[in-house]
Amino acid sequence: MLPYSGLLSLILFIELLCIPLTLLVPVPLKLAIDSLTGVRAMPHFAAHWMPASLSPQNAELLLAAALMLVAGVLQYVLSFFSWLLQTYTSERMILEFRSQLFQHVQRLSLTFHDRKGAGDTTYRIQNDAPALSQIALKGTIPAITAVLTLAGMVYITARLDWRLAIIALVLIPCLFLVTHRYSDRVHDEWTHVRERDSRAMSVLNETLSALRVVKAFGQERREYRRYLVQSNRYVRGQMQLAFLQSSFYVLVGLTIVAASAVALVLGVRHVRTGLLTVGDLLIVMHYLSKLYEPLGMLSGKWVEVQAALVSVGRAFTLLEEAPEVTEYPNARGIGRAHGAIDFRQVSFHYDPRKPVLREVSFSIPPGTHVGLLGQSGAGKTTLLSLLTRLYEPTAGNILLDGVDLREYKLADLRDQFSIVLQEPVLFSTTIAENIAYTCPQTSRSDVVQAAKMANAHEFVMQLPEGYDTQVGARGASLSGGERQRISLARAFLKNAPILILDEPTSSVDTKAEAEIVEAAEALMRGRTTFVISHRPIALQHCQLQFELKDGKLTPLSWDVRSILNAER
Ligand SMILES: Nc1ncnc2c1ncn2[C@@H]1O[C@H](COP(=O)(O)OP(=O)(O)OP(=O)(O)O)[C@@H](O)[C@H]1O
Ligand SMILES: [Mg+2]
């Protein structure tokens, strides 16, 4: 909120200007009524301004009307500006908070996202973060003005009749007590409500993103029920919250009504004995009925602020989540790596009960082509994820060109890799932009060149709009093999010193595979390359083959001569 302190103070200033205007509201009525009942109420300063021809009664009426108008106009003009300013400040503040969260979430490790899922994180950014402005604009500022308004009302009441002011003064601590009792319960209840709402959203999120599977297995009803269960819990929570809040408002309201009744009796008796004029009584009664506003505001706000605090707390939990993969403060940059890789006693597990890699060690010179074999689930993808620091080894170190990966700048490190993921991921944009994802400035001819190498050019040209075809959300309008070839082209286009191909040809036919392997061979030349594949043809250009089994890496074949050549 700090960067917005200037704007916030301006809003506070405008709101403070409104306080005297609020206090003025009953005064014209007091003037009019006192004038009617024959009490001379014209203040001295106003008497000079009145035309001499007016009778005192009419002059008082004119003053009352003028006062009403001026106070009204001022109040509405001020609230006009206040509204605009508040909207601007709150929207900017939310935007900044959300962008901070978004950036942070992108930095958080995959371990975190694997655990939390996208739904909850989305909810925290989109639905919880806005509560920040609620605290400042709908909580703190109204609370300050409410306290001051309250003080003004009590002061004026005391000036008119101190006994009536005592009633107001007794009322205030009672109301604070009630508020205090309720706020904790509301806080707890609100925490549950937010959690349930976020869970309902996660179900929606998951179902919609996997709708193909849901439909194919006919599980719409079951997902619907899952959604309904979570949503019903949310509704129950909301009802409990509403019950708490409305009973709180009833309690506050009744306390004030009781106090007003006492004040009415006392006030009328004072009017009879001449201590107060009818107009004065009107002011006091008006203030008492309006005490509800600042007090109700204070206590009501308190409850709302509790709710907002819960939301902001959830958003901050996200912000406080430390990225597991971090960068040293004085991390070194890399221009272009040579591509020598060393694994030294590297161990890794997602779950401590199930180690994936156990003290894996190997060392390869720059430009080596490594084939990685192993059963499904052996940890091949995991091993290569460690190389790009998507996950951190639980023990041991990995060196690139003789330097521990952790000592490099993260962005620079990841820039050294061209990767074809096992599950190709496309974005909902054109084919050309998908291929040029890492280097948007690339010319069309380079994109086409990469597509040709990846055996994608032919099918792209058959699409009605060629390279400008939109691929739909996550590439839904392409076949599995087509998606894979686009992601191959993407890796081919990025001129990085290390190439990682995780089953690059698993979804294409054997003819296309042979062509892709031939094309990739040219690209692999001079680059350190890791190829994971179950098909021998994809591994034919690898000088070195490892098999991953039970968390251990064993060399299958060595082609020392070609390694030496590569090194040279
Ligand atoms: N994000 C994850 N969280 C927890 N466990 C995981 C995660 N990813 C993989 N695993 C587990 O780690 C082990 C190795 O997975 P990995 O994806 O590395 O296998 P793989 O050798 O690439 O298999 P495949 O040939 O099927 O692609 C598996 O037993 C898998 O269950
Ligand atoms: Mg894999």
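The structure under discussion appears in the preceding block.
Residues numbered from 1 in each chain as written. Chains lettered and ligands numbered in written order. Predicted model: local features only at pLDDT ≥ 70, side-chain atom pairs only at ≥ 80, totals over all residues. Heavy atoms only, no water.

> Would you explain the packing of aromatic side chains in this entry?
For any pair of aromatic rings, the description consists of the separation of the ring centres together with the inter-plane angle of the planes. Following the criterion strictly, the structure yields eleven aromatic pairs and no others. When the ring of F343 is compared with that of F362, the centres are 4.7 Å apart and the planes differ by 15 degrees; the resulting orientation is stacked. With F343 in strand β1 (residues 341–351) and F362 in strand β2 (residues 354–364), this residue pair connects regions lying 19 residues apart in the sequence. Across this residue pair, the class does not change: F343 and F362 are buried. Judged by centre distance (4.9 Å) and plane angle (85 degrees), the ring pair of F348 and Y350 falls under edge-to-face. Taking the relative accessible area as the measure of exposure, F348 reaches 4% and is therefore buried. (Phe/Tyr/Trp six-rings, centres within 6.5 Å; stacked < 30°, edge-to-face > 60°. Helix = DSSP H or I, 4+ residues; strand = E, 2+ residues; numbered from the N terminus. Buried < 20%, exposed > 50% of the residue type's maximum accessible area, 1.4 Å probe, protein only.)

> I would appreciate a short explanation of the coordination of the magnesium ion (ligand 2) in the present structure.
Tetrahedral coordination by four donors puts the ideal angle at the metal at 109.5 degrees, and octahedral coordination by six puts it at 90 or 180 degrees. Every protein donor of the magnesium ion (ligand 2) is listed here as T381 (OG1) and Q422 (OE1), and their distances to the metal cover 1.9 to 2.3 Å. Of this pair, T381 sits in helix α12 (residues 380–387) while Q422 is found in the loop between β6 (417–420) and α14 (431–435), placing the two residues 41 residues apart along the sequence. (Donors = N, O, S within 2.8 Å, 3.2 Å for Na, K, Ca; no water.)

> Help me out: how do you make sense of the pattern of salt bridges in this one?
One side chain can pair with another of opposite charge once the charged atoms of both are near each other. Counted by the stated rule, this structure contains 17 salt bridges. Residues K494 and D415 are paired through a salt bridge, measuring 3.9 Å at the closest nitrogen-oxygen approach. With a gap of 79 residues between them, K494 in the loop between α17 (480–493) and β7 (498–502) and D415 in the loop between α13 (410–414) and β6 connect regions that are remote in the sequence. Using a relative accessible area of 16% as the deciding quantity, one classes K494 as buried. Where salt bridges share partners, they join D120, R124, D128, R194 and R314 into one cluster. (Salt bridge = Lys/Arg side-chain N within 4 Å of Asp/Glu carboxyl O.)

> Help me understand the environment of V271, please; the structure alone is not making it clear to me.
Residue position: V271 is located in helix α10 (residues 220–272). In contact with V271, other than residues within four places in its own chain, are L276, T277, V278 and L281. (Contact = heavy atoms within 4.5 Å.)

> What is the right way to look at the site of ligand 1 in this model?
Near ligand 1 lie 16 residues; those nearest to it are K354, S376, T381, T382 and Q422. At a separation of 2.9 Å, a nitrogen atom of ligand 1 approaches a polar side-chain atom of D114. Contacts to ligand 1 include Q422, whose side-chain N or O atom sits 2.6 Å from an oxygen atom. Among the elements of the structure, β2 and α12 are those that each provide at least two residues to the shell around ligand 1. The leading source of residues in the shell around ligand 1 is α12, at three residues. Counted by class, the shell around ligand 1 contains four nonpolar, eight polar and four charged residues. (Near = heavy atom within 4 Å. Polar contact = N/O pair within 3.5 Å; in protein donor to acceptor, adjacent residues only side chain to side chain. Nonpolar A, V, L, I, M, F, W, Y, C, P; charged D, E, K, R; others polar.)

> When you look at a nonpolar patch on the surface in this model, what are you seeing that I'm missing?
Taken together, the side chains of L69, V70, V73, L74, V77, F80, F81 and L84 define a hydrophobic patch exposed on the protein surface, amounting to about 770 Å² of accessible area. For L84, the position within the fold is in helix α4 (residues 56–107). (Patch = residues over 30% accessible without salt bridge, like charges linked within 9 Å, V, L, I, M, F, W, Y side chains within 5 Å. Areas by Shrake-Rupley, 256 points an atom, 1.4 Å probe, with all protein chains shown as cover.)

> Explain α17 here, please?
For α17, with 14 residues, the first-to-last C-alpha span of 20 Å sits near the 20 Å given by 1.5 Å per residue. Restricting attention to buried positions, one finds in α17 the residues G481, E482, Q484, R485, I486, S487, L488, A489, R490, A491, F492 and L493. (Expected span 1.5 Å × (residues − 1).)

> Would you mind going over the sheet that holds β1 with me for this structure?
Backbone-to-backbone hydrogen bonds join strands into a sheet, with any given pair of strands oriented parallel or antiparallel. One open sheet accounts for four strands, arranged β2-β1-β4-β5; its pairing is antiparallel. On the outer flanks of this sheet lie β2 and β5 (403–404), each paired with one strand and no other. As paired strands, strand β4 (residues 395–400) and β5 are joined by two bridges and run antiparallel to one another. Bridge assignment links L399 to a residue of β5, and that residue is D404. (Pairing = 2+ DSSP bridges.)

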